[in-house]
Amino acid sequence: MHILWKSSSWRWIVTKTRDSKPFFFTFAMVCGVIPGIVGYGVMQVTSSSNEKLEAHLRRNSRPDTRIYDLLYIYFMYFVIQMMGQVNKERLAEYLTELKEKKDTNDRYVAALKGETLTRKPYVRIQPIPNQNSSESTK
C-alpha cells in the first residue's frame, strides 16, 4: 500500500478525482460499474440453459454427487414436514387461547424475563429454580 501512495500515477488519479467531478464519475464507473457488467456477461455466457447439455452432465456425473442431491432433498422434505407440524401445533394452541379468551399476558411476561413456555397443557411457564439464601451470601 505504501508503494501505491508514492506512485505518481496514483497521485495524478487522486488529484484529478478531487478537482474534476466528471473525471470522478468516470473513474467510479470504470472501477465499479464496468467490472460488474463484465462479470454479469461472463456469468451469462458460461451458464447454460441447454436442457440436453444439463441432462448429459447429470447422466455422466459421479454417483456420489447424485447421492448427495437425493440426501439433501430427503432431508429438506423431513425438515419441511417437521416445521409444518410445529407450526400447526402452535397455531392450534394460539387459536384455542383466542377461542377460550384466555389471558395470555403471562406469555409476554415470560418473554421479558427470558423464560420459555412449555407445551404441557395447563403449565404455561417453566418453573424458575429456587435460590437458597445461603448460596446468595457466598
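Residues numbered from 1 in each chain as written. Predicted model: local features only at pLDDT ≥ 70, side-chain atom pairs only at ≥ 80, totals over all residues. Heavy atoms only, no water.

Trainee: What exactly am I supposed to notice about the overall build of the chain here?
Mentor: The helix and strand tally for the chain stands at seven helices and zero strands. In the chain, the succession of α and β elements from N to C terminus is α-α-α-α-α-α-α. Per-residue burial over the chain gives 5% buried out of 138 residues. Long-range contacts, defined as pairs at least 24 residues apart, comprise 11% of the intrachain contacts of the chain with a sequence gap of at least 6. Accessible surface, the chain as shown: approximately 13000 Å² in total, 64% of it carbon and sulfur. (Helix = DSSP H or I, 4+ residues; strand = E, 2+ residues; numbered from the N terminus. Buried < 20%, exposed > 50% of the residue type's maximum accessible area, 1.4 Å probe, protein only. Contact = heavy atoms within 4.5 Å. Areas by Shrake-Rupley, 256 points an atom, 1.4 Å probe, with all protein chains shown as cover.)

Trainee: What is the right way to look at the packing of aromatic side chains in this model?
Mentor: Each aromatic ring pair is characterised by the separation of its centres together with the angle its planes make. The tally for this structure, following the rule as stated, stands at five aromatic pairs. Here Tyr 74 and Phe 78 contribute two aromatic rings whose centre-to-centre distance is 4.8 Å and whose plane-to-plane angle is 75°, an arrangement assigned as edge-to-face. Placement of both Tyr 74 and Phe 78 in helix α5 (residues 63-99) is noted, with a separation of four residues, approximately one turn of the helix. Residue classification places Tyr 74 among the exposed residues on the basis of a relative accessible area of 53%. Residue class for Phe 78 comes out partly exposed when judged on its relative accessible area of 44%. Measuring from centroid to centroid gives 5.3 Å for Tyr 77 and Phe 78, while their planes differ by 75°, and the two rings are edge-to-face. (Phe/Tyr/Trp six-rings, centres within 6.5 Å; stacked < 30°, edge-to-face > 60°.)

Trainee: Please clarify how the side chain of Thr 17 should be interpreted in this entry.
Mentor: Among the structural elements, Thr 17 can be located in helix α2 (residues 8-19). Thr 17 has contacts with Phe 23, Phe 24 and Phe 27, leaving out every residue within four places of it along the chain.

Trainee: Hey, could you run me through the pattern of salt bridges in this one?
Mentor: Side-chain pairing between opposite charges can occur once the charged atoms of the two side chains come close. Under the criterion given, the structure shown has one salt bridge. Among the ionic pairs, Arg 18 bridges to Asp 19, the shortest N-O distance being 3.6 Å. The pair Arg 18 / Asp 19 is uniform in exposure class, with both members exposed. (Salt bridge = Lys/Arg side-chain N within 4 Å of Asp/Glu carboxyl O.)

Trainee: Please clarify how the packing of α2 against helix α3 (residues 21-46) should be interpreted in this entry.
Mentor: Taken N-terminus to C-terminus, the directions of α2 and α3 make an angle of 120°; their axes are 5 Å apart at the nearest point. Taken as axis vectors, α2 and α3 run oblique relative to one another. Note on element contacts: α3 touches α2 through Lys 21, Phe 23, Phe 24 and Phe 27, opposite Trp 12, Ile 13, Lys 16, Thr 17 and Asp 19. In terms of residue class, the contact of α2 with α3 is made up of five nonpolar, one polar and three charged. (Axes fitted to C-alpha atoms, helices over the stretch in contact; angles between N-to-C directions. Parallel < 35°, antiparallel > 145°, perpendicular 65-115°, else oblique. Nonpolar A, V, L, I, M, F, W, Y, C, P; charged D, E, K, R; others polar.)

Trainee: Before we go on, may I ask you to explain the environment of Ser 7 in this structure?
Mentor: Mapped onto the elements of the fold, Ser 7 is located in the loop between α1 (2-6) and α2. A distance of 2.9 Å separates a polar atom in the side chain of Ser 7 from a polar atom in the side chain of Ser 9. (Polar contact = N/O pair within 3.5 Å; in protein donor to acceptor, adjacent residues only side chain to side chain.)

Trainee: Whenever I open this one, a nonpolar patch on the surface confuses me. Can you help?
Mentor: Nonpolar side chains collect at one region of the surface, where Met 29, Val 30, Val 33, Ile 34, Ile 37, Val 38 and Val 42 lie side by side and expose about 610 Å² of accessible area between them. Note that Ile 37 resides in helix α3. (Patch = residues over 30% accessible without salt bridge, like charges linked within 9 Å, V, L, I, M, F, W, Y side chains within 5 Å.)

Trainee: Please clarify how the confidence of the model for the chain should be interpreted in this entry.
Mentor: A low pLDDT means the predicted coordinates there should not be read in detail. When pLDDT is averaged along the chain, the result is 78, and 80% of the positions lie at 70 or above. No element of the chain has a lower mean pLDDT than helix α7 (residues 133-137), which averages 53, and none a higher one than α3, which averages 90. (pLDDT = per-residue confidence, 0-100.)

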